[in-house]
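Commentary on secondary and tertiary structure
So the chains spell out like this:
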Amino acid sequence: MFWEKVKLVKSNLTARHFKSVTMIWTSIHFSALLLGALTSPTPPLPTIANTDGGPCRIYNSGRSADCLGKQLNSIPWRHFPSTLEKIDLSYNELQAVRADDVLHLPRLLVLKLRYNNISHIDNDAFKNNKRLEYLDIFNNSLQEIPATALKPLLNLKTLYMSNNLYRHATLAHSFSKFVKLQVLSMGGPLVKGLKKTDFQPLKNIGLQAFAIKCSSNLSYYEPGSLEVIQTKEMGFDMAIDQRPSALPHMLRDLANKTFSAIQFRNLFEFMYYMGEEDIFQGLKYITVNELVFHRGKFNENLLRMALMNLQVTPIKRLRLQYIDFARSPTFVDSGASSSITNLVLDKLDLWYISNPDILRFDWRFTWLNKIKELSIQHVYFNSVPCDAWVEMAGVEVLDVSNNRLLNEFIFNQRCDYRGVMPNLHTFKISTNDVTSLKDLSSLTREFQQLQELDFSNNKLGSAENSQNCVWQKNITRVIAHRNQFVREALSCLPTTVHYLDLSYCELDQLDMEYFEKTINLKELLLSGNKIKFIPSKWKSPSLQSLALDGNSFGLISKASFQDMPQLSQLRAGNNPYHCTCELHAFVQDTLSKGKVNLTDWPSNYRCYHPEALLNTVISKFLPGQVACDIRLVIIICVVTTAAVILILMLICYIFDLPWYTKATYQIIRAKYRAHKEKAAGETGTFTYHAFISYSHSDADWVRDQLLPCLESNKNSYRLCIHERDFMPGRWIIDNIIDNIENSRKVIFVLSRHFVNSEWCNYELYFAQQRAVGKTFNDVILVVKEPIDPSSLPSKYCKLKKMLSTKTYLEWPQQVSQQSFFWAQLVSVLGKPTMIREGAHSVKGRTSSVGGVSVVGPLLEDRMPEATKLNAKKETEPENEIFKRTNDQLSNQKKIPMVGF
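For the structure given in this document, a descriptive report is provided here. (Residues numbered from 1 in each chain as written. Predicted model: local features only at pLDDT ≥ 70, side-chain atom pairs only at ≥ 80, totals over all residues. Heavy atoms only, no water.)

**A closer look at the overall build of the protein**
Within the protein, the regular secondary structure consists of 21 helices and 38 strands. Evaluated residue by residue, the protein yields a buried proportion of 49% over its 900 residues. Contacts spanning at least 24 positions in sequence make up 69% of the contacts within the protein whose residues lie at least 6 apart. By element, 52% of the accessible surface of the protein is carried by carbon and sulfur atoms, the whole surface being about 43,400 Å². (Helix = DSSP H or I, 4+ residues; strand = E, 2+ residues; numbered from the N terminus. Buried < 20%, exposed > 50% of the residue type's maximum accessible area, 1.4 Å probe, protein only. Contact = heavy atoms within 4.5 Å. Areas by Shrake-Rupley, 256 points an atom, 1.4 Å probe, with all protein chains shown as cover.)

Okay, here's the thing in structure tokens:
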């Protein structure tokens with residue numbers, strides 16, 4: 001321990017001095033460069049050797065060289081740049097330090113040569129290294145102290161030269177000039193003893209730390225040998241097995257001096273002290289803060305001897321570490337007079353003791369009564385007697401970590417814990433085998449001043465052993481990392497905590513009810529668990545610092561921490577994040593507001609999903625604004641939908657889709673009604689040879705020219721026209737569809753008036769629908785007057801196609817050509833065949849004048865005015881016949897009709 005403390009002090013001092021020297025040298029060097037810049041056109045540059053292929057690593061801008069453990073048998077000085085200030089050549093196979101090895105390194109401040117096989121150092125090896133402050137030649141093969149070689153090093157502050165093959169510890173007079181020396185270790189396993197003149201050169205030098213090593217077989221010690229040493233810390237590495245009387249002389253040489261620490265290493269290395277002389281009686285004359293016994297053998301008698309003297313010394317800290325303890329077979333406890341009752345220590349450390357009986361060498365335990373901080377580690381005791389708890393009344397900090405303690409070892413149900421440990425504020429029981437939170441709470445609930453509880457690295461956290469816990473209400477700090485907690489066990493933790501460490505506890509869920517109760521919680525550590533999601537309603541009004549790194553959640557949002565108004569520090573890296581808009585929004589909001597500091601941002605935040613973004617740093621994940629702004633998405637969707645609707649409406653308007661929809665609807669209705677009528681028995685094949693579709697403007701031509709030519713010859717055709725053959729009382733749409741379907745052919749008399757007729761449009765459309773699945777051979781086009789197909793409206797797309805691809809009949813204006821027209825028409829109609837009497841025809845049931853039947857007011861709109869007047873005069877006797885029909889029709893809903 002002493003050597004570690006010496007090294008620490010040395011490092012601190014060296015670091016401070018090294019920094020100051022570096023600053024001074026940098027200032028001087030900068031001044032030289034500035035002067036050179038003013039006097040020379042090219043400023044001088046420091047020479048740095050080419051180190052390519054060299055065994056050492058040159059770093060820190062050519063100021064440091066790392067040659068540690070390279071199996072070097074000589075110093076590779078040719079690879080060293082002249083700018084070097086620090087060289088580490090430890091753990092190699094160096095044999096010697098030659099004059100040329102560090103000659104060209106005038107800036108050298110630190111040289112480490114420990115753990116080599118150096119047996120020789122040239123006398124002028126360091127003649128050009130006058131700035132050297134730190135030299136370490138510990139554990140080599142030097143047979144003599146290299147006083148001549150060290151003589152130029154007047155700036156030396158730290159010198160480690162112990163554990164060499166010196167046969168004496170006598171320092172040369174030149175050491176008296178090392179007035180800056182602060183740390184010195186010397187001696188070796190061959191030094192048989194100390195003489196009074198060995199350290200005379202150091203009498204005027206005030207050291208920070210001094211250590212001396214001698215042979216395990218110490219042969220002599222001259223009183224006064226250490227009297228001239230002035231130091232803050234003193235270390236002895238010597239065994240007094242053969243000469244235990246040397247210890248009182250050494251302690252007498254240190255009397256009336258003040259030390260921060262004294263360490264005895266291997267005080268008794270091979271045998272236990274069996275003498276009766278009190279070899280520690282000189283401790284009462286030394287003022288020292290800490291006394292350390294490192295390694296060696298202690299028996300019950302020797303320990304009691306040391307403690308008895310410590311009762312009357314100002315020593316505040318005692319540490320026994322790596323001690324081989326044994327009972328003294330000849331020791332007899334004579335009663336109260338032998339008890340240690342007044343051992344006042346700020347701290348007592350019992351570490352790595354071979355025998356746990358060291359705790360019971362005084363079965364009354366009174367030696368623990370006035371100790372403030374007690375640390376018992378790696379002692380592996382298996383019980384704590386009830387009396388021990390009572391005697392530790394003065395203990396404020398109790399650390400029993402690393403002892404493999406079980407529940408029953410630390411908590412004895414037969415003990416009465418009321419009033420025990422009245423001053424204890426910190427209890428550490430980490431790295432044991434404790435499994436029950438309930439037992440731990442039962443033990444500590446009587447510790448009235450308990451504030452900090454550390455039970456990390458145990459086996460706590462199971463549901464069955466975490467019930468009905470009652471804790472001391474003063475507990476504000478709980479360290480529970482590296483246990484095996486389940487969610488239900490969280491409810492068994494203290495709710496008064498300000499600091500809670502649950503890192504690496506295998507937690508996969510959080511108990512929000514527990515965190516709602518911990519209203520004073522300010523810092524929470526949950527690193528390294530298996531938490532799969534962060535609750536969105538996590539209420540913790542006082543929480544200021546939260547660690548969630550190294551878990552299993554991939555989603556995190558602003559809502560997760562909105563109920564933590566005091567949160568200022570958040571560590572949430574190393575999680576399998578799903579790089580989504582929600583995560584991006586959280587990061588941007590957190591960074592922009594600056595209220596919460598992401599302490600491990602950005603390197604520990606990477607994408608895990610989707611696969612395309614695997615291991616991408618989240619700071620480089622920049623999704624588009626459209627993808628992440630829901631308001632913008634809604635606006636775009638609404639605008640797009642409205643645009644589509646407008647476009648569809650425009651298309652419908654341009655291509656007259658409503659008209660087609662209406663016509664299709666009428667066909668479906670008519671088909672449905674026809675199906676019902678067919679089910680009632682009204683079936684048949686074709687009733688007419690042809691259905692003639694024409695405009696009322698062409699009615700005269702149909703009556704005067706078309707009908708006489710086709711119906712008056714001996715092989716007459718049966719034709720259907722609306723003026724004569726539509727069934728009174730039926731819907732006009734039904735009449736049109738029914739008569740078209742009951743006609744073998746459909747003749748369209750095309751003219752400009754036909755195109756403008758609404759009803760002709762219906763008849764043409766129904767004829768087209770009839771031809772679905774068939775050919776258009778049943779449709780006969782008669783062009784009464786020339787029509788330009790391109791001038792037709794868009795809804796006549798079929799008619800346009802028919803006029804462009806189908807041969808049609810054109811009515812000639814010359815009378816001489818009309819006979820040929822009739823021949824063509826008869827040829828297209830084909831030979832008249834026998835057809836059944838139409839069930840819907842009114843022919844034969846009405847009076848016909850000039851071949852035109854009067855069928856009532858529903859058809860008046862389709863008849864020319866002259867025809868209407870003639871029909872009215874000639875059919876007056878028939879009015880009575882149609883009275884019921886007209887009454888019936890007048891009561892039905894009329895379909896508006898546009899005249900043909």
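Read on, since the account is not over.
**Re the environment of Arg63**
Relative to the elements of secondary structure, Arg63 occurs in the loop between strand 1 (57-59) and strand 2 (64-66). For the pair Arg63 and Thr83, spaced 20 residues apart in the sequence, the C-alpha separation amounts to 5.5 Å. A polar side-chain atom of Arg63 sits 3.1 Å from a polar atom in the side chain of Asn60. (Polar contact = N/O pair within 3.5 Å; in protein donor to acceptor, adjacent residues only side chain to side chain.)

**Re the packing of aromatic side chains**
If you walk through the whole model with that rule in mind, you get 27 aromatic pairs. When the ring of Tyr91 is compared with that of Tyr115, the centres are 4.8 Å apart and the planes differ by 10°; the resulting orientation is stacked. In this pair, Tyr91 sits in the loop between strand 3 (86-88) and strand 4 (96-97) while Tyr115 sits in the loop between strand 5 (110-112) and strand 6 (120-121), placing the two residues 24 residues apart along the sequence. With a relative accessible area of 31%, Tyr115 lands in the partly exposed category. (Phe/Tyr/Trp six-rings, centres within 6.5 Å; stacked < 30°, edge-to-face > 60°.)

**Thoughts on the state of the cysteines**
Taken as a whole and assessed by the stated rule, the structure comprises four disulfides. Disulfide pairing is shown between Cys386 and Cys415; the S-S distance is 1.8 Å. Because the sign of the S-S torsion sets the handedness, a value of about -80° for the bond joining Cys386 and Cys415 places this disulfide among the left-handed ones. Pair noted here: Cys386 is in helix 5 (residues 386-391) and Cys415 is in the loop between helix 6 (407-410) and strand 22 (426-428), with a separation of 29 residues, a long-range link. Relative accessible area serves as the criterion here: at 31%, Cys386 is assigned to the partly exposed category. The disulfide partner of Cys579 is Cys607, and the S-S distance across this bridge is 1.7 Å. Taking the sign of the S-S torsion, about -90° here, the bridge from Cys579 to Cys607 comes out left-handed. Highlighted residues: Cys579 in the loop between strand 29 (577-578) and helix 9 (581-593) and Cys607 in strand 31 (residues 607-609), separated in sequence by 28 residues. One exposure class covers both Cys579 and Cys607, and it is buried. (Disulfide = S-S within 2.5 Å.)

**Structural notes on the nonpolar core**
A general feature of soluble globular proteins is that nonpolar side chains tend to end up buried together. By size, the foremost hydrophobic cluster in this structure holds 177 residues, and its most contacted members are Phe199 and Phe427. Here this core gets six residues from one element, more than from any other, and that element is helix 4 (residues 300-310). Those residues in contact with Phe427 that sit more than four places away from it in its chain are Leu398, Val400, Ile410, Leu440, Leu443, Thr444, Phe447, Leu450, Glu452, Leu453 and Asp454. Tyr688, Phe691, Ile732 and Ile736 belong to the second-largest nonpolar core, a separate cluster that totals 27 residues. (Core = buried A, V, L, I, M, F, W, Y, C linked by side-chain atoms within 4.5 Å.)

**Considering the sheet that holds strand 32 (residues 688-693)**
One open sheet accounts for five strands, arranged 33-32-34-35-36; its pairing is parallel. Here the strands that pair on one side only, and so sit at the sheet edges, are strand 33 (719-720) and strand 36 (809-810). Taken together, the five bridges between strand 32 and strand 34 (residues 743-750) define a ladder with parallel strand orientation. Paired with Phe691 across the bridge in strand 34 is Val746. In the packing of helix 15 (residues 732-741) onto the sheet, contacts are made with strand 32, strand 33 and strand 34, and the angle to strand 34 comes to roughly 120°. (Pairing = 2+ DSSP bridges. Axes fitted to C-alpha atoms, helices over the stretch in contact; angles between N-to-C directions.)

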